[in-house]
Amino acid sequence: MPKCPNCGRETLRTEDWACQWCGHPLLSGAFKKIPKTYRELQAEKTFSPRSVLEDEPAPVAEVEMAPAPTPPPPPPPPTPSPPPEPEPETLSPSEPVAAVEAEMEKGPMPQPEPEPEPEAVEESEPVAEAEKLSVPEAEAEPAPEPTIAPEPEPEPAPESVAEAEPEVEAVPAPPPGAVPALEPDPATGAINATVEELNTAFNSDKAGTNNKLINKPLKVTGTVDKIFAKDHLDIFYILLATGRPATWQVRCTFSREHGAYLSRLTEGQAGTVQGTYVGYERNIILKDCSLVQ
């Protein structure tokens, strides 16, 4: 019979699908059904408690298991008995006397010879020294001095003729780059210069070159290094360089109408620009520029 999952007792299912003992709902169909509800069973328990007790399973008496008898302890190992000690031999009273008489017949025991005492060593060294002092020493004759043969003078070595080393001709240092004059052209009034000449002038005298060129027309020839034509930002300028590493570049600023001409330029090509010099910062600055064909 299946047990109730709540109270753990074997139970039947009532008509209202509950445990007959605790009323826990039993939804499984494995429980057998009784034709009563849980309330009816509770009412019967109230009026006939004995019948309910009879239905309860009798408690199972616990059987106490008798403890298993403990085995007797093993007997202790036998202790080894010590070996018997040999008994000392007892001499009869006549044996020691006979041994003494035999020793007396052999004669007296030889006594050890005394060790010879070490002889005292006389101190002969001081006496010998005194004798040496008492006897006058014979004056030693001076030995003849050995004659030293004069060493032969070394022959003078022939003077080696020093080879004349070829004189290294001093290479004259190249003359420093001449500072360009940067004078205006009488025909056009503009100052013609290359980017390299402007580098030489500014590296030689930056302040003097700036004062000389300020607000004057300048026609510059060089290599197009960068092109900036941003119509939406209204930025139009190019950078002219020397074609090799240099300190200064020339920034040429154009107006919007020159934007179409700037788009035709390519970086690396040679070009000539004419504009007004207005100063310098990181670059030499020209404004109001135009391309010279």
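Structure shown above.
Residues numbered from 1 in each chain as written. Predicted model: local features only at pLDDT ≥ 70, side-chain atom pairs only at ≥ 80, totals over all residues. Heavy atoms only, no water.

1. Side note on the overall build of the protein chain
The helix and strand inventory of the protein chain stands at seven helices and six strands. Each helix (α) and strand (β) of the protein chain, taken in turn from the N terminus, gives the series α-α-α-α-β-α-α-β-β-β-α-β-β. Put simply, the protein chain has 293 residues, and 19% of those count as buried. Long-range contacts, defined here as pairs at least 24 residues apart, represent 45% of the contacts in the protein chain between residues at least 6 apart. (Helix = DSSP H or I, 4+ residues; strand = E, 2+ residues; numbered from the N terminus. Buried < 20%, exposed > 50% of the residue type's maximum accessible area, 1.4 Å probe, protein only. Contact = heavy atoms within 4.5 Å.)

2. Thoughts on the packing of aromatic side chains
Aromatic ring pairs: the centre-centre distance and the angle between the two ring planes describe each pair. Inspection of the entire model under this criterion finds five aromatic pairs. Arranged with centres 5.5 Å apart and planes meeting at 45°, the rings of F202 and W248 form a pair that is tilted. Remark: W248 occurs in the loop between β3 (235-241) and β4 (250-253) and F202 occurs in helix α5 (residues 195-204); sequence separation between them is 46 residues. Assigned by exposure class, F202 and W248 land together as buried. Judged by centre distance (5.8 Å) and plane angle (75°), the ring pair of F202 and Y280 falls under edge-to-face. Pair noted here: F202 is in helix α5 and Y280 is in strand β5 (residues 270-280), with a separation of 78 residues, a long-range link. When its relative accessible area of 2% is taken as the criterion, F202 is described as buried. Here a set of aromatic residues connected by ring pairs shows up, and it is made of F202, W248, Y277 and Y280. Positioned above the aromatic ring of W21, the side-chain terminus of R9 is 4.4 Å from the ring centre. (Phe/Tyr/Trp six-rings, centres within 6.5 Å; stacked < 30°, edge-to-face > 60°. Lys NZ or Arg CZ within 6 Å of the ring centre and 35° of its normal.)

3. Let's talk about the pairing of β5
Examined bridge by bridge, strand β2 (residues 217-230) and β5 share seven bridges and lie antiparallel to one another. In the strand pairing of β5, G222 is matched with G271. Pairing of β5 with strand β6 (residues 284-291) involves six bridges; the strand directions are antiparallel. Bridging across to β6, V273 finds its partner in L291. (Pairing = 2+ DSSP bridges.)

4. Some words on the pattern of salt bridges
Per the counting criterion, the structure on display carries five salt bridges. For K36, the salt bridge goes to E44, with nearest N and O atoms at 2.5 Å. Taken together, the shared-partner salt bridges in this structure form one network comprising D231, D234 and R256. (Salt bridge = Lys/Arg side-chain N within 4 Å of Asp/Glu carboxyl O.)

5. So, the environment of P180
Tracing the backbone shows P180 in the loop between α4 (125-134) and β1 (191-194). For P180, the residues in contact, after removing those within four places along its chain, are E197, T200 and A201.

6. Focus: the packing of α5 against helix α6 (residues 206-213)
Relative to each other, α5 and α6 sit at 120°, their axes nearing to 5 Å. What the angle tells us is that α5 and α6 run oblique. On the side of α5, the interface is formed by L198, A201, F202 and S204, while α6 contributes K206, T209 and L213. Of the residues that constitute the contact of α5 with α6, the class distribution is four nonpolar, two polar and one charged. (Axes fitted to C-alpha atoms, helices over the stretch in contact; angles between N-to-C directions. Parallel < 35°, antiparallel > 145°, perpendicular 65-115°, else oblique. Nonpolar A, V, L, I, M, F, W, Y, C, P; charged D, E, K, R; others polar.)

7. So, unusual backbone geometry
Here N215, not a glycine, exhibits a phi torsion of approximately 60°, which is positive. Despite not being glycine, D288 has its phi angle at roughly 55°, a positive value. Mapped onto the elements of the fold, D288 is located in strand β6. With a relative accessible area of 61%, D288 lands in the exposed category.

8. Structural notes on the nonpolar core
Core analysis: the biggest nonpolar cluster contains 25 residues, and L198, L240, V250 and C252 have the highest contact counts within it. At the level of secondary structure, the elements contributing two or more residues to this core comprise β1, α5, β2, β3, β4, β5 and β6. At four residues, the largest contribution of residues to this core is made by α5. If we skip the residues at most four places from it in the chain, L198 touches L182, A193, L213, L218, V220, V250 and I284. Of all hydrophobic cores here, the second largest spans five residues; its members include C19, W21, L26 and F31. (Core = buried A, V, L, I, M, F, W, Y, C linked by side-chain atoms within 4.5 Å.)

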